[in-house]
Amino acid sequence: MLDRSRIIATPGYSRWLVPPAALAIHLCIGQAYAFSVFNKPLTTLIGLTSPAPADWELATVGWTFSLAIVFLGLSAFTFGHWLEDAGPRKAMFASASCFGGGFLVGALGVWTHQFWLVLLGYGVIGGIGLGLGYISPVSTLIKWFPDRPGMATGMAIMGFGGGAMIGSPLGVALMNRFKSPTSMGVWEAWVVMGLAYFTFMMFGAFTVRLPAPGWRPAGWTPPAVPKKLVTSANVDVNEAIKTPQFWLLWGVLCLNVTAGIGVLGQASPMIQEMFPGVITPAAAAGFVGLLSLANMAGRFIWSSASDKIGRKATYMIFFGLGAALYASVPTSGHLGNVVLFVSLFVVILTMYGGGFATIPAYLRDMFGTMHVGAIHGRLLTAWSVAGVLGPVLVNYIRKYLIDHGVAAKDAYSATMYLMAVLLVGGFLCNISVRAVDPKHHFAEPAPGAAGPGAGATPAVARS
Amino acid sequence: MTDERGSGGRGSGVVRLVIAWAYVGIPLAWGVSEVIRKSLALFR
């Protein structure tokens, strides 16, 4: 039922069913970015109205999300190769089981007030579900949309951004529903969410199909002369990580994400401190929401645009324009121009999201379709590193400057210039990307390796 | 094989597509509308 051989599409299956299948997975696992709605309730599980001595501290609770992101990267790295053999349905089913099951184990931890169970459930088991789910539809979408790989993968990865927008109000609504004089409603909410997310993800698992070998979209033929940076060959995942191209793209993703995460983490206090007396906490929350929308929209818009203008050019814009915009932020603050300030960050955040969403198609261009899901999984370690690096850089440098007498408003200026420098580094990585040396190409021709319709992973030995 | 949809019934295929996109589109639209509602505070 779950096997790769059972999900080859029959005539009549529309490829436009694959993006909603992928979205069904990403909209659920994107909930991870809304975990913060549980932070405060988790610190008052015993005291209920205020933290009791036996309650968990906020810093302790914070480890749950961090652990989930670490296991996202680890599982994407570890299981990427397995996924290519097992197929998307089995991977999506495993993802749903882990993500939904993680909620249930976590709920048991909340109910019994055993924090290690929360870490094991949401952090470890749920985190594995995140990693599996994140990469599970990527190579399938690329095979179904050889004519528009950027748009197809961008649509799925956009869902990850949208998942937080659903998970946040859903979590709050469920806790309010189950809150009682004896409970914060967290464990009850997690039980419902675990079951609901598992069920929702099953739609994706049982809708997804692989194209039959030789399938291609109607009216589309592979270009007779391939573009300069789009290969028609394939590179094995273990070979790919030996190429300079892999590590240059690793740097591209890491630096783009580091800059964006640094801003997202401090968006609310930043706008309030840069425009004191003008921006209220409610308006600052609105600013954060607007940035989330820009992040999500950018994932679809930029990845779709990359199909037209090319992946390298797209990242040139991200880094070139991004560095210029970051460097302009302090000026907008000094001018007291809120509209300009907000506009700058909206554009910056579209490019942050675009960086995430365009990378699978960039990998496909460089390394072919055969192991693109597994290679993407390995590249996501850049995300894990950036997730630590971004906030640490921004917070520590800002604290250092303030401790040395710099005004809070001006300390933000310094961090903006730092982000611009990071993007210049990303620009240099991207400009250095060249086509992969043919010595790294997979030795035997793979069925459908030219792009379209590789319905099954070639049954030949991998290095 | 070069086929966008294949030989299945066109009507039932369209219904499946509409249901599939509504399944993911409705929750996403709800989430986006919630964020837009909160974001409006920035412009007040």
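Residues numbered from 1 in each chain as written. Chains lettered and ligands numbered in written order. Predicted model: local features only at pLDDT ≥ 70, side-chain atom pairs only at ≥ 80, totals over all residues.

Novice: Before we go on, may I ask you to explain the overall build of chain B in this structure?
Specialist: Looking only at helices and strands, chain B features one helix and zero strands. By the burial criterion, 14% of the 44 residues in chain B qualify as buried. (Helix = DSSP H or I, 4+ residues; strand = E, 2+ residues; numbered from the N terminus. Buried ≥ 20, exposed ≤ 12 C-beta atoms within 10 Å, placed from the backbone.)

Novice: Would you take a moment to explain the overall build of chain A for this structure?
Specialist: Assigned secondary structure in chain A consists of 16 helices and zero strands. The C-alpha atoms of chain A give 22 Å as radius of gyration, which agrees with the globular expectation for 463 residues (23 Å, within 12%). Viewed in the frame of its principal axes, chain A has a C-alpha envelope of about 65 × 50 × 35 Å. For chain A, buried positions account for 56% of its 463 residues. Counting contacts in chain A only where the partners sit at least 6 residues apart, residues at least 24 apart contribute 82% of the total. (Rg over C-alpha atoms; globule rule 2.2 N^0.38 Å. Contact = placed C-beta atoms within 7 Å.)

Novice: When you look at the interface of chain B and chain A in this model, what are you seeing that I'm missing?
Specialist: In many analyses, interface size is given as the accessible surface area lost on bringing the parts together. Tallying the contact residues gives 27 residues for chain B and 31 residues for chain A. When the residues that make up the side of chain B that touches chain A are grouped by side-chain class, the tally is 14 nonpolar, seven polar and six charged. (Nonpolar A, V, L, I, M, F, W, Y, C, P; charged D, E, K, R; others polar.)

Novice: Whenever I open this one, unusual backbone geometry confuses me. Can you help?
Specialist: Excluding glycine, residues mostly have negative phi values, and the peptide bonds linking residues are mostly trans. Residue and element names in this part refer to chain A. The phi dihedral of Leu 48 falls on the positive side, at around 65 degrees, and the residue is not glycine. Its place among the elements puts Leu 48 in the loop between α2 (39-42) and α3 (58-86). The class for Leu 48 is partly exposed, based on 16 C-beta atoms found within 10 Å. With a phi close to 55 degrees, His 113 is a non-glycine residue in the positive phi region. For His 113, the position within the fold is in the loop between α4 (88-112) and α5 (115-135). Classification of His 113 by C-beta neighbours within 10 Å gives partly exposed; the count is 14.

Novice: Sorry, what's going on with the confidence of the model for chain B here?
Specialist: Caution applies to low-pLDDT parts of the model: their predicted coordinates are not meant to be read in detail. Predicted confidence across chain B gives a mean pLDDT of 81, with 77% of residues reaching 70 or more. The ipTM for the predicted assembly is 0.85, set against a pTM of 0.87. (pLDDT = per-residue confidence, 0-100.)

Novice: Can you walk me through the environment of A:Arg6 in this structure?
Specialist: With respect to the helices, strands and loops of the structure, A:Arg6 is situated in the segment before α1 (18-29). Along the primary structure A:Arg6 and A:Val124 are separated by 118 residues, whereas in three dimensions their C-alpha atoms are 30 Å apart.

Novice: What is the right way to read the packing of helix α12 (residues 311-335) of chain A against helix α16 (residues 408-431) of chain A from this model?
Specialist: In helix packing, the relevant descriptors are the interaxial angle and the interaxial distance, both defined with respect to the helix axes. All names here are of chain A. Taken N-terminus to C-terminus, the directions of α12 and α16 make an angle of 165 degrees; their axes are 8 Å apart at the nearest point. As summarised for this structure, α12 and α16 are arranged roughly antiparallel, according to the angle between their axes. Crossing handedness for the pair α12 and α16: left-handed. In contact with Lys 312, Tyr 315, Met 316, Phe 319, Gly 320, Gly 322, Ala 323, Tyr 326, Ala 327, Val 329, Pro 330 and Gly 333 of α12, α16 contributes Lys 409, Ser 413, Met 416, Tyr 417, Met 419, Ala 420, Leu 423, Val 424, Gly 426, Phe 427 and Asn 430. Residue classes in the contact of α12 with α16 are distributed as 15 nonpolar, six polar and two charged. (Axes fitted to C-alpha atoms, helices over the stretch in contact; angles between N-to-C directions. Parallel < 35°, antiparallel > 145°, perpendicular 65-115°, else oblique. Left-handed = near helix turned anticlockwise from the far one by under 90°.)

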